[in-house]
Amino acid sequence: MKALILVLLGCVSVLGMKAAEAKRPLPTDGNTQLSYFLNSERVYKDYMLQCAGCHRYDGQGVESRGIPSFVDSIGLFSRMVDGRAYMIRVPGSAQSQLNNDELAMVLNYIVARFSPEEFERNGFRLFSAAEVGASRPYRFDDVAAARKTLEMQMEEKGWLPAPYLFGQAGR
Ligand code: HEC
């Protein structure tokens, strides 16, 4: 009986740890958030295993394969409600092996790493598991058309996202 209680207690504490990890407090000011994401080994590993095969270590993508660069570009998407949903819904994000919390952390990481000025401006709204969960089930029929619509909205604001060749001949 004693052994059973100990086993049960063990299970409860493991579950408790998982919950604590999901709800870990994240820093609230921009510069501390920036170094948090740049120094998190876990999120780095998730990016390297789940995204870097296509987007590359340096976020430059592979233009000839239609993989856009994140550099000085991905942060622009994170400023717009539809742009944030797009970042969650693209196949590489939505269909990855990452759970909602891990994907939220990777999206924060790609902005921190490749568009750090978003954090430095101190107005960056972090992606959360809840935000990811709300958009993730809605897959795009035509991801290139969704990107085009966002590009047009950005053009009106004078923002210049990275070139996007996905869906064009041969890609
Ligand atoms: C198998 C290759 C592949 C993998 C792996 C991959 N992506 Fe992508 N990603 C693409 C391609 C191709 C595009 C362009 C088509 C599109 O918009 O989905 C893209 C586009 C994107 C975009 C839109 C960028 C823009 O400028 O329009 C985001 C954001 C993105 N991916 C995030 C991720 C994240 C986060 C991961 C890892 C969890 C990931 N991707 C994994 C191939 C990949």
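Above this text you will find the structure in question.
The text that follows walks through the structure, step by step, so that each part is easy to find. Sequence positions are assigned chain by chain, starting from 1 and proceeding in written order. Per-residue local features are limited, in this predicted model, to residues with pLDDT of at least 70; the limit for side-chain atom pairs, both in listing and counting, is 80 or more; totals at the level of whole chains, interfaces and linings are taken over all residues. With hydrogens and water set aside, each side-chain value is computed from the structure's full complement of heavy atoms.

## Here we look at the overall build of the chain
For step 1, the next point in the chain: The helix and strand inventory of the chain stands at eleven helices and zero strands.
For step 2, the next point in the chain: Secondary structure follows DSSP: runs of H or I at least 4 residues long count as helices, runs of E at least 2 residues long count as strands, and numbering of each begins at the N terminus. Helices and strands in the chain line up, N terminus first, as α-α-α-α-α-α-α-α-α-α-α.
For step 3, the next point in the chain: Accessibility here uses a 1.4 Å probe with only protein chains present; expressed as a share of the type maximum, an area under 20% marks a residue as buried, one over 50% as exposed, and anything in between as partly exposed. The buried share of the chain, reckoned over its 171 residues, is 40%.
For step 4, the next point in the chain: Contacts are assigned to residue pairs that have any heavy atoms within 4.5 Å of one another. Across the chain, contacts joining residues at least 24 apart in sequence account for 64% of those joining residues at least 6 apart.
For step 5, the next point in the chain: Only the protein chains shown count as covering a residue, and every accessible area follows the Shrake-Rupley method with a 1.4 Å probe. A total accessible area of about 10,100 Å² is found for the chain, and carbon and sulfur atoms account for 58% of it.

## Considerations on the packing of aromatic side chains
For step 1, the next point in the chain: Side-chain rings of Phe, Tyr and Trp (the six-membered ring for Trp) are treated as a pair once their centres are within 6.5 Å; stacked means planes under 30 degrees apart, edge-to-face means over 60, and tilted covers the remaining angles. Scanning the model with the defined rule gives ten aromatic pairs in all.
For step 2, the next point in the chain: On the numbers, 5.1 Å between centres and 90 degrees between planes, the contact of Tyr 36 with Phe 37 is edge-to-face.
For step 3, the next point in the chain: On the basis of relative accessible area, Phe 37 is assigned to the buried category, the value being 1%.
For step 4, the next point in the chain: Taken together, a centroid distance of 6.0 Å and an interplanar angle of 55 degrees make the contact between Tyr 47 and Phe 114 tilted. Of the two residues, Tyr 47 is situated in helix 3 (residues 41-50) and Phe 114 in helix 8 (residues 100-114); the sequence distance between them amounts to 67 residues.
For step 5, the next point in the chain: Taking the relative accessible area as the measure of exposure, Phe 114 reaches 6% and is therefore buried.

## Details of the layout of surface pockets
For step 1, the next point in the chain: Computed from the structure, the largest pocket encloses a volume of approximately 640 Å³.
For step 2, the next point in the chain: As for the largest pocket, its lining consists of 30 residues, of which His 55, Ile 67, Pro 68, Val 90 and Gly 92 are closest to the centre.
For step 3, the next point in the chain: Those elements giving two or more residues to the lining of the largest pocket turn out to be helix 3, helix 4 (52-55), helix 5 (74-78), helix 6 (81-89), helix 7 (91-94), helix 8 and helix 11 (143-157).
For step 4, the next point in the chain: Counting residues per element, the lining of the largest pocket draws most heavily on helix 8, which supplies four residues.
For step 5, the next point in the chain: Classes in brief: Ala, Val, Leu, Ile, Met, Phe, Trp, Tyr, Cys and Pro nonpolar; Asp, Glu, Lys and Arg charged; the others, Gly included, polar. When grouped by side-chain class, the residues that make up the lining of the largest pocket number 20 nonpolar, eight polar and two charged. Note on definitions: the grid is 1 Å and covers protein atoms alone; a cavity is a set of points where a 1.4 Å probe fits but cannot get out; a pocket is an open set with protein on both sides within 12 Å along at least five of seven lines; lining residues have an atom within 4 Å of a point. Grid points are joined across faces, edges and corners, and a volume is the space filled by probe spheres set on the points.

## Some words on the packing of helix 3 against helix 8
For step 1, the next point in the chain: Interaxial angles span 0 to 180 degrees and are taken between N-to-C directions of axes, which are lines fitted to C-alpha atoms, for helices over the stretch in contact. Put simply, helix 3 and helix 8 touch, their axes get as near as 9 Å, and they point 90 degrees apart. Comparing the axis directions of helix 3 and helix 8 gives the class roughly perpendicular. Between helix 3, through Arg 42, Val 43, Tyr 44, Asp 46 and Tyr 47, and helix 8, the contact on the second element is made entirely by Asp 101, Glu 102, Met 105, Val 106, Tyr 109, Ile 110 and Phe 114.
For step 2, the next point in the chain: Residue classes in the contact of helix 3 with helix 8 are distributed as eight nonpolar, no polar and four charged. Angle categories are assigned with fixed cut-offs, so that under 35 degrees is roughly parallel, over 145 is roughly antiparallel, 65 to 115 is roughly perpendicular, and the rest are oblique.

## Comments concerning the coordination of the iron atom of the ligand
For step 1, the next point in the chain: Water is not among the atoms examined, so metal sites may look incomplete; donors are the N, O and S atoms within 2.8 Å of the metal, or within 3.2 Å for Na, K and Ca. When only protein atoms are considered, the iron atom of the ligand has one donor, His 55 (NE2), at a distance of 2.1 Å.
For step 2, the next point in the chain: Relative to the elements of secondary structure, His 55 occurs in helix 4.

## Some remarks on the nonpolar core
For step 1, the next point in the chain: By nonpolar core we mean a set of buried residues, namely Ala, Val, Leu, Ile, Met, Phe, Trp, Tyr and Cys, connected to one another through side-chain atoms within 4.5 Å. Residues Tyr 47, Ile 74, Tyr 86, Met 87, Leu 107, Ile 110 and Phe 119 are the most contacted members of the largest nonpolar core, which totals 36 residues.
For step 2, the next point in the chain: The element best represented in this core is helix 8, accounting for ten residues.

## Focus on the site of the ligand
For step 1, the next point in the chain: Contacts to the ligand come from 23 residues, most closely from Cys 51, Cys 54, His 55, Tyr 86 and Arg 147.
For step 2, the next point in the chain: Identification of polar contacts relies on pairs of N or O atoms within 3.5 Å, with a donor-acceptor requirement for protein atoms, meaning one able to donate a hydrogen and the other able to accept it, and with residues adjacent in sequence counted only if both atoms are side-chain atoms. A distance of 2.6 Å separates an oxygen atom of the ligand from a polar side-chain atom of Arg 147.
For step 3, the next point in the chain: The contact in question runs from an oxygen atom of the ligand to an N or O atom on the side chain of Tyr 164, over 2.7 Å.
For step 4, the next point in the chain: Only helix 4, helix 5, helix 6, helix 7 and helix 11 provide two or more residues apiece to the shell around the ligand.
For step 5, the next point in the chain: A per-element tally of the shell around the ligand places helix 7 first, with three residues.
For step 6, the next point in the chain: Looking at the shell around the ligand residue by residue, the classes come out as 16 nonpolar, six polar and one charged. Being near a molecule or strand, for a residue, comes down to having at least one heavy atom within 4 Å of it.

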